[in-house]
Amino acid sequence: MKLQPQLNLRKAALYVVVINAMEIIAAVALVVLVLNDQFNRTLQGPLGDILVLTLAAVVSWGAVMDIREALKAIRMTEKLRGLDETVTQMTDLNTALRAQRHDFLNHLQVVYSLMEMREYDEANRYIEQVYGDIQAVSRTMKTACAPVNALLRAKVAEAEGKGIQVELSVNAAWDQLPLPAWEMCRVLSNLIDNAIDALEGREGPRLLIELREDVKSHSFTVGNNGPMIPEKSRAAIFEAGVSGKGEGRGMGLYIARETLRSAGGDLTVKSTEEFTAFSGFVPKTLKAADETVSN
């Protein structure tokens, strides 16, 4: 998996050192010249204006370069955070699958023993329990994209742990996503987290997660029966920093939409008093993405 743009820490540090050194040298030189009486008289003319403008240019250029490198660092930090979350979810999924494989023989032995003892009702209950555990994992293993499967398992378990009824519908392989899988996971994660938050304290909470695809695109819907989003607020919620969750929040929907748009897709919302649904898509090919952008 290749991250773009990549952050070269050595290069960034060198930029900072050189730029700030130039700023310091320019400032010190100007101070020395100002303190020199003979030169001080000269500063009253065009030379003084040139020196001031030069120093201002150096300081401004240094500030711009510092800001650029800082923004690169912020973007890389966000990507690393997304990768770290994806790796954690995949590790958890792998652990669950290994545990099921390890326990499978033990389950067969228990069922065999119960059948020998003619404890058929108990054997039936035991099989139902084991089957339920297997289904909890296997129902999220329907795509060909391991990170997406891991994310779905983690989020479904989180939602159900909070008493939310989850409707998961996967009718897609998602084996050739036009963007890195971890970026798609970040999109889905933000939307599912928002839906779970919206269902807090709701009576009969329901979360819908649908993954689809057709010949042209991969698409999805994440919905919930939480409070309706007012129509006048629906455009603003996709802006950076807009959130009803408190200070420092409000980047999730902005990041999700910009991520999809960078691949030629988009994210939209429909909200009524009964249900709120966020629907998104990404074209399957770069050609389709280019056509979407041009349109």
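For every chain, the first residue of the written sequence is number 1, and numbering continues from 1 along that sequence. For this predicted model, a pLDDT threshold of at least 70 governs which residues receive local features, and a threshold of 80 or more governs which side-chain atom pairs are given and counted, while totals over whole chains, interfaces and linings are taken from all residues. For the side-chain quantities, the full set of heavy atoms in the structure was used; hydrogens and water were omitted.

### Things to note about the pattern of salt bridges
Step number 1: A pairing counts as a salt bridge when a side-chain nitrogen of Lys or Arg comes within 4 Å of a carboxyl oxygen of Asp or Glu. Tallied over the entire structure, the rule returns 7 salt bridges.
Step number 2: Note that Asp193 is salt-bridged to Lys155, the shortest N-O span being 2.8 Å. Here the residue Asp193 occupies a position in helix α6 (residues 181-198), and Lys155 occupies one in helix α5 (residues 146-161), the gap between them amounting to 38 residues.
Step number 3: Residue class for Lys155 comes out buried when judged on its relative accessible area of 7%.
Step number 4: As a salt-bridge pair, Arg212 and Glu210 come within 3.0 Å of each other at their nearest N and O atoms.
Step number 5: Buried residues are those whose accessible area, probed at 1.4 Å on protein chains only, stays under 20% of the maximum for their type, while exposed residues exceed 50% and partly exposed ones sit between those limits. Residue classification places Arg212 among the partly exposed residues on the basis of a relative accessible area of 28%.
Step number 6: Here Glu210 falls in the partly exposed class, since its relative accessible area comes to 25%. Runs of E in the DSSP output that reach at least two residues are strands. Runs of H or I that reach at least four are helices, and both are numbered from the N terminus.

### So, the packing of aromatic side chains
Note on aromatic pairs: each is described by the distance of the centres and the angle between the planes.
Step number 1: Stacked, tilted and edge-to-face pairs are distinguished by plane angle, under 30 degrees for stacked and over 60 for edge-to-face with tilted covering the rest, among Phe, Tyr and Trp rings (Trp via its six-membered ring) whose centres lie within 6.5 Å. Enumeration according to the criterion identifies 1 aromatic pair in this entry.
Step number 2: Pairing Phe238 with Phe278 gives two aromatic rings, centres 6.2 Å apart and planes at 80°, and the pair type is edge-to-face. Taken together, the positions of Phe238 in the loop between β3 (217-224) and α7 (252-262) and Phe278 in strand β5 (residues 276-283) put the pair 40 residues apart, joining distant regions of the chain.
Step number 3: With relative accessibility at 5%, the residue Phe238 sits in the buried group.

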